[in-house]
Amino acid sequence: MHIYPDALAVVRDLRPDEPVILNRPHAARRAARFFVEKFPGKVLYAVKANPAPDLIRVLWSAGITHFDVASIAEVRLVRDLLPEAVLCFMHPVKTPAAIREAYFAHGVRTFSLDSVEELEKIVEACRHPVTREAPRDLRLCVRLRVSSEYSELSLASKFGCDLVQAPALLQQARQHCDWLGVCFHVGSQAMTPFAFVQALDRTRAAIAEASVVIDMIDVGGGFPSAYPGLEPPPMEDYFAIIARHFEALPIAYNAELWCEPGRALSAEYSSMIVQVNKRRGEELYINDGAYGALYDAAHVAWRFPVRALEDDLIEDDQDFAFYGPTCDDADYMKGPFRLPADIQAGDYIEIGMLGAYGAAMKTGFNGYGAAAVVTVADEPMMSMFDGSRQREAADNVVSLR
């Protein structure tokens, strides 16, 4: 496999007319090793962030053995790629057919739920097909609803039982499983470790009221990546505060701590080369957009790092907005994206940090979406794991909790 040194080398060699996805396996491997070595518990990769088979294999080779799968298609994908991986079906609403296939065909034993109806569905779907005996090896995770106020993208409204319902649901789930966990999700791109403090406080209250043995706490995802205007504290700060509050929970002495990073493990894996098709003032028409890898830039105004891949641009940077290639006005990304003021049609741009949700969400709308994929050896434009983000000295710091 040919490995290019960087995006500029790709442009000089290929002069591509279509977007090119640049993958950095070494960056994904580094992120995985960081989590495996420093998170004080078990690490599950949230496959939905980027289900690329090559990425999944890289994470496995770096020590990620558990995978958060949220659909039967993801169950099949990871099981086919990694026969020995542990799969955890963490979508709280599943069809009986999906549960049944996951349990009997793919060896899935861990399921999440947030209602009595889902609990009953799981138990019924996993009954022995002949004897109708109830399963005895289920590992169930009750999902709590927690605040997303400290995160850039909320996940607080669709899933999770509230604190009033949680104790009774925990008690009922305990009767049907060999192993019981509590899980939650603080939202995507949590910008402060305090997001997990609030969630673990709610977890403590639910467990205390339920008075059942808890075997696992899953703090979900939300671990951030670095983007322009979104530069979070070092990841170690998140791990430290989670560990401290986990240890204070009323749980079994041998209870496990889990997390489900998606963005944090995959964001630095990919970037993309696009070409400017037209310039109109401070707007650049490029050949990828809202229906391609830039979904987040269009729909939630996410800013990604950018750099021009030209040698002859000499003017200072200014703010630009992007239009994508489709004939839809919604194919618009306001940015701002900082690029040289003399950029023009025909020039190439690299857009970074697209490994999470970017390449995974490309569509073929309007006939666009084709993209070559190559491997590059340089560093991602921004990183949480390259040693550049150092923890501040803790002297004279007072904990408020």
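Residues numbered from 1 in each chain as written. Predicted model: local features only at pLDDT ≥ 70, side-chain atom pairs only at ≥ 80, totals over all residues. Heavy atoms only, no water.

### Concerning the overall build of the protein chain
Part 1 of the argument: When its secondary structure is counted, the protein chain shows 11 helices and 19 strands.
Part 2 of the argument: Here the C-alpha atoms of the protein chain give a radius of gyration of 23 Å, agreeing with the 21 Å that 2.2 N^0.38 yields for 401 residues.
Part 3 of the argument: Dimensions of the protein chain along its principal axes, counting C-alpha atoms only, are 70 × 60 × 40 Å.
Part 4 of the argument: At a minimum sequence separation of 6, the contacts of the protein chain that also span at least 24 residues come to 75%. (Helix = DSSP H or I, 4+ residues; strand = E, 2+ residues; numbered from the N terminus. Rg over C-alpha atoms; globule rule 2.2 N^0.38 Å. Contact = heavy atoms within 4.5 Å.)

### Here's the deal with the side chain of Arg263
Part 1 of the argument: By the secondary structure assignment, Arg263 is in helix α10 (residues 263-266).
Part 2 of the argument: Despite being buried, Arg263 has no salt bridge partner; Asp296 is the closest side chain of opposite charge, sitting 4.4 Å away.
Part 3 of the argument: Separated by 3.0 Å, the side chains of Arg263 and Ser188 make a polar contact.
Part 4 of the argument: Among the polar contacts listed, one links the side chain of Arg263 to the side chain of Tyr227, at a separation of 2.9 Å.
Part 5 of the argument: Setting aside its immediate chain neighbours within four residues, Arg263 contacts Ala49, Leu153, Ser188, Gln189, Phe223, Ser225, Tyr227, Asp296, Trp302, Ala356 and Tyr357. (Buried < 20%, exposed > 50% of the residue type's maximum accessible area, 1.4 Å probe, protein only. Lys, Arg positive; Asp, Glu negative; His and termini not counted. Salt bridge = Lys/Arg side-chain N within 4 Å of Asp/Glu carboxyl O. Polar contact = N/O pair within 3.5 Å; in protein donor to acceptor, adjacent residues only side chain to side chain.)

### Topic: the environment of Phe89
Part 1 of the argument: Residue position: Phe89 is located in strand β5 (residues 86-89).
Part 2 of the argument: Owing to a relative accessible area of 2%, Phe89 belongs among the buried residues under this scheme.
Part 3 of the argument: Apart from the residues lying within four places of it in its own chain, the contact partners of Phe89 are Val69, Ala70, Ser71, Ile72, Val75, Lys94, Ala98, Ala102, Val108, Thr110, Phe111 and Ser112.

### Describing the confidence of the model for the protein chain
Part 1 of the argument: Averaged over every residue, the pLDDT of the protein chain is 94; residues scoring 70 or more account for 97%.
Part 2 of the argument: In the model, residues 393-401 has pLDDT below 50 throughout and makes 4 contacts with residues more than four positions away in sequence or in other chains. (pLDDT = per-residue confidence, 0-100.)

### Re the environment of Leu113
Part 1 of the argument: Turning to its location among the elements, Leu113 is positioned in strand β6 (residues 110-113).
Part 2 of the argument: With 56 residues separating them in the primary sequence, Leu113 and Leu169 have C-alpha atoms 9.4 Å apart.
Part 3 of the argument: Apart from residues no more than four positions distant in its own chain, Leu113 is found in contact with Pro92, Glu118, Leu119, Ile122, Leu140, Cys141, Val142, Arg143 and Leu169.

### Here we look at the pattern of salt bridges
Part 1 of the argument: Under the criterion given, the structure shown has 22 salt bridges.
Part 2 of the argument: The salt bridge partner of Asp319 is Arg338, with a shortest N-O separation of 3.0 Å. One end of the pair, Asp319, is in strand β16 (residues 317-323); the other, Arg338, is in strand β17 (residues 332-340), and 19 residues separate them in sequence.
Part 3 of the argument: By relative accessible area, which is 35% here, Asp319 ends up partly exposed.
Part 4 of the argument: Here Arg338 falls in the partly exposed class, since its relative accessible area comes to 40%.
Part 5 of the argument: Here the salt bridges do not stand alone but share partners, grouping Arg24, Arg307, Glu350 and Asp378 into one network.

### Some points on the packing of aromatic side chains
Part 1 of the argument: Applying the stated rule across the entire model yields 21 aromatic pairs.
Part 2 of the argument: Between Tyr45 and Phe67, the aromatic rings sit 6.5 Å apart at their centres with planes inclined by 90 degrees, giving edge-to-face as the arrangement. Of this pair, Tyr45 sits in strand β3 (residues 42-46) while Phe67 is found in strand β4 (residues 66-69), placing the two residues 22 residues apart along the sequence.
Part 3 of the argument: Plain terms: the ring middles of Trp179 and Trp258 are 5.3 Å apart, the flat faces sit at 35 degrees to each other, and that makes the pair tilted. Taken together, the residues span a long stretch of sequence, with Trp179 in strand β9 (residues 179-183) and Trp258 in strand β12 (residues 256-259) at a distance of 79 residues.
Part 4 of the argument: Since its relative accessible area comes to 8%, Trp179 is described here as buried.
Part 5 of the argument: One aromatic cluster is present, built from ring pairs that chain together Phe34, Phe35, Phe39, Phe196, Phe223, Tyr238, Phe239 and Phe385.
Part 6 of the argument: Stacked on the ring of Tyr285, the Lys or Arg Lys278 has its end atom at 5.0 Å from the ring centre. (Phe/Tyr/Trp six-rings, centres within 6.5 Å; stacked < 30°, edge-to-face > 60°. Lys NZ or Arg CZ within 6 Å of the ring centre and 35° of its normal.)

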